[in-house]
Structure formats: C-alpha cells, structure tokens
Amino acid sequence: MNKQSVVLQARAVSKSYSDAGNDVSVLSDLDFSLHKGEQLAIIGSSGSGKSTLLNILGGLDEPTQGEVIIDGRNLHAGNEAQRAKVRNETLGFVYQFHHLLPEFSAMENVAMPLLMRNLALDEVRAESEAVLDAVGLSHRISHKPAQLSGGERQRVAIARALIGKPAVVLMDEPTGNLDRTTAASVQELIDGLNQEHDIAFALVTHDPELADRTGRVLELVDGKLVER
Ligand SMILES: Nc1ncnc2c1ncn2[C@@H]1O[C@H](COP(=O)(O)OP(=O)(O)O)[C@@H](O)[C@H]1O
Ligand SMILES: [Mg+2]
C-alpha cells in the first residue's frame, strides 16, 4: 500500500434519530476518506455529530443509510461477531472518557484486544509491555486506573488502541480532559506513532492546537464534512 491508499472510507452515510416522533438528522449523505498514515482532525460545534460520526466509523453504531469500508471490508455487513472481528483486526478506538476497566491493571487493560484474539499468554505479555513502554508507562504496568493520573490513564487507553497494530486509530477528544502539559505529551505521542508506524489517526477535537498539528482539518457542518 502506498501513502495514497484509503484505509477507511464512509460512503453516503446518513444518521437520524427518532425523538418523540420527530426525526432528527445528525449526519446527511456524508462522505469521508482516511488514507494510510494520514493524520486528520474532525472539529465542529457541540452537538454537531462528531461522536456519532466517530462511533459509526468505528463500528460502535450503525448508520441509517450508507456504508463504511475499512481495509477493504464492509464494517456494517455481517453479524455482530463478524463486525467485532473486523474491528479487533483493523481499528483502535480511544473513547473520550478512556473506558478502562477499573478492576484490572494497566497491563491487563492494554492486553485485552490481544486476549480476544486468543494469542499465547507469553506473547500477549511481551506485546503489552512493549506498547506500555512506547507510551512511557513501563513503570506503571501493575497500577490500576484509580492509581494513575488523568494523563497516564489516557496513555493506557492509547496503548490499548495501538496494541493490535491497527491500520486506523480513532480518538474522541484525546486531550479533552487533560492539562496543557499532559495534552502536549499526548500530542507528541500521537505524532511519533503516526510517523514511525504509518498508523492513520482521525481525532475529534475541540483543541485548536491539536487540530493544527494534523495535516488536514475537517469541520462537521449540517451533517457533512467540509475541508478547512
Ligand atoms: N442516542 C441518541 N438518541 C437521540 N439523539 C441523539 C443520540 N445520540 C446523539 N444524539 C443527538 O445527535 C446530535 C449529535 O450528538 P453528538 O454526536 O454526541 O455530537 P458531538 O459529539 O459533536 O457533540 C445531538 O443533537 C444529540 O442530541
Ligand atoms: Mg462528542
């Protein structure tokens, strides 16, 4: 694959919710392409549909119409188990509020996607240690989420998104709850991973500094993406 190849594509995606008999249209005939190794930001006012879009791109929610193709596969075809398999093999997702499992250590949280692939435990452990090291947390592998700072928790969530070597990482407000210094270190981490491993990143963000660091900024307006 060259740098121009598309790893994630949304075609004519619409999403509406029925609310007390009224149809609320959030996404409207939206097209989107993310290329291998690209880093882009999706911005938009609160309620414009950024999380809805990211959830559909990540297979966490279904479009009302249209399709999402990841790594050549239709994400919303097939049953739940098939979709989970495609997601596990191709996607990393970082939620706005990290969604770490509180009763598990950093290492166990990070290991989860590989455990779902039924890999040998030795291999899972080695990979988990390597990815925690890559996000600067090799000294925190046995800590549970409550014993970590906000920035450390976000790094664990990023490590979990990266461990399966996905082609695409989707992040919803990755620095939204972090102070300036911690946000800057998360920004550097994303840049480094993007450059070293050619992982494509799509970041939903309110943070103009983070958006400006990406190569491309798209704004969600009236249910469609507009180049900025
Ligand atoms: N499950 C739902 N049912 C009904 N409306 C929803 C649901 N989820 C989101 N919405 C509506 O869709 C719009 C976009 O929400 P969201 O994607 O969370 O926006 P953003 O992330 O840009 O702030 C909002 O008006 C929200 O109220
Ligand atoms: Mg949101």
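All of these numbers come straight from a predicted model, not from anything done at the bench.

> Honestly, the sheet that holds strand β3 (residues 39-43) in this entry has me stumped. Any pointers?
Sheets are built from strands paired through backbone hydrogen bonds, the pairs being either parallel or antiparallel. Pairing is mixed in the open sheet, where six strands are placed in the order β6-β7-β8-β3-β9-β10. Here the strands that pair on one side only, and so sit at the sheet edges, are β6 (91-94) and β10 (224-227). Strand-to-strand, the axes of this sheet are offset by a mean angle of 20°, without reference to chain direction. Of the strand pairs in this sheet, β6 and strand β7 (residues 168-172) are connected by four bridges, and their pairing is parallel. The residue of β7 that forms the bridge with V94 is M171. Packing against the sheet, helix α5 (residues 150-162) makes contact with β6, β7 and β8 (200-204), and its axis sits at approximately 165° to β6. Of the strands in this sheet, β3, β7 and β8 touch helix α6 (residues 180-197), which is tilted by about 155° from β8.

> Even after reading the chapter, I still don't get the environment of S25, so can you show me in this structure?
Mapped onto the elements, S25 comes out in strand β2 (residues 22-35). What makes S25 exposed here is its relative accessible area of 53%. Linking S25 and G49, residues 24 residues apart in sequence, is a C-alpha distance of 9.5 Å. Residues in contact with S25, not counting those within four places in the same chain, are K15 and S16.

> It is not clear to me how the pattern of salt bridges should be interpreted in this structure. Could you clarify?
Once the charged atoms of two side chains with opposite charge are near each other, the side chains can pair. Enumeration over the complete set of coordinates arrives at 13 salt bridges. Ionic pairing is found between E127 and K165, a salt bridge with its closest N-O pair at 3.3 Å. Separated by 38 residues along the polypeptide, E127 in helix α4 (residues 121-134) and K165 in the loop between α5 and β7 bring together distant segments of the chain. Take E127: its relative accessible area is 28%, and that puts it in the partly exposed class. For K165, a relative accessible area of 61% translates into the label exposed. When salt bridges with common partners are traced through the structure, they connect E38, R216 and E227 into a single cluster.

> What is the right way to read the environment of M112 from this model?
Tracing the sequence through the fold places M112 in helix α3 (residues 106-115). Under the relative-accessibility criterion, M112 is labelled partly exposed at 22%. Spatially, the C-alpha atoms of M112 and S128 are 9.3 Å apart, while their sequence positions differ by 16 residues. Discounting chain neighbours no more than four positions away, the residues touching M112 are L101 and F104.

> Which parts of the structure should I look at to understand the sheet that holds strand β1 (residues 6-19)?
The antiparallel open sheet is built from four strands, whose spatial order is β2-β1-β4-β5. Looking at which strands have only one partner, the edges of the open sheet turn out to be β2 and β5 (73-74). Bridge count for strand β4 (residues 65-70) against β5 is two bridges, and the pairing is antiparallel. Each residue of the ladder has a partner; that of I69, found in β5, is N74.

> Can you walk me through the pairing of β10 in this structure?
Residues in a regular strand project their side chains so that they alternate between the two faces of the sheet. Bridge analysis of strand β9 (residues 216-221) against β10 gives four bridges, and the strand direction is antiparallel. By the bridge assignment for β10, V221 is matched with K224. The loop that links β9 with its antiparallel partner β10 comprises two residues; one of these, D222, has a positive phi angle of about 50°.

The rules we used
- Residues numbered from 1 in each chain as written.
- Chains lettered and ligands numbered in written order.
- Predicted model: local features only at pLDDT ≥ 70, side-chain atom pairs only at ≥ 80, totals over all residues.
- Heavy atoms only, no water.
- Pairing = 2+ DSSP bridges.
- Helix = DSSP H or I, 4+ residues; strand = E, 2+ residues; numbered from the N terminus.
- Axes fitted to C-alpha atoms, helices over the stretch in contact; angles between N-to-C directions.
- Contact = heavy atoms within 4.5 Å.
- Buried < 20%, exposed > 50% of the residue type's maximum accessible area, 1.4 Å probe, protein only.
- Salt bridge = Lys/Arg side-chain N within 4 Å of Asp/Glu carboxyl O.

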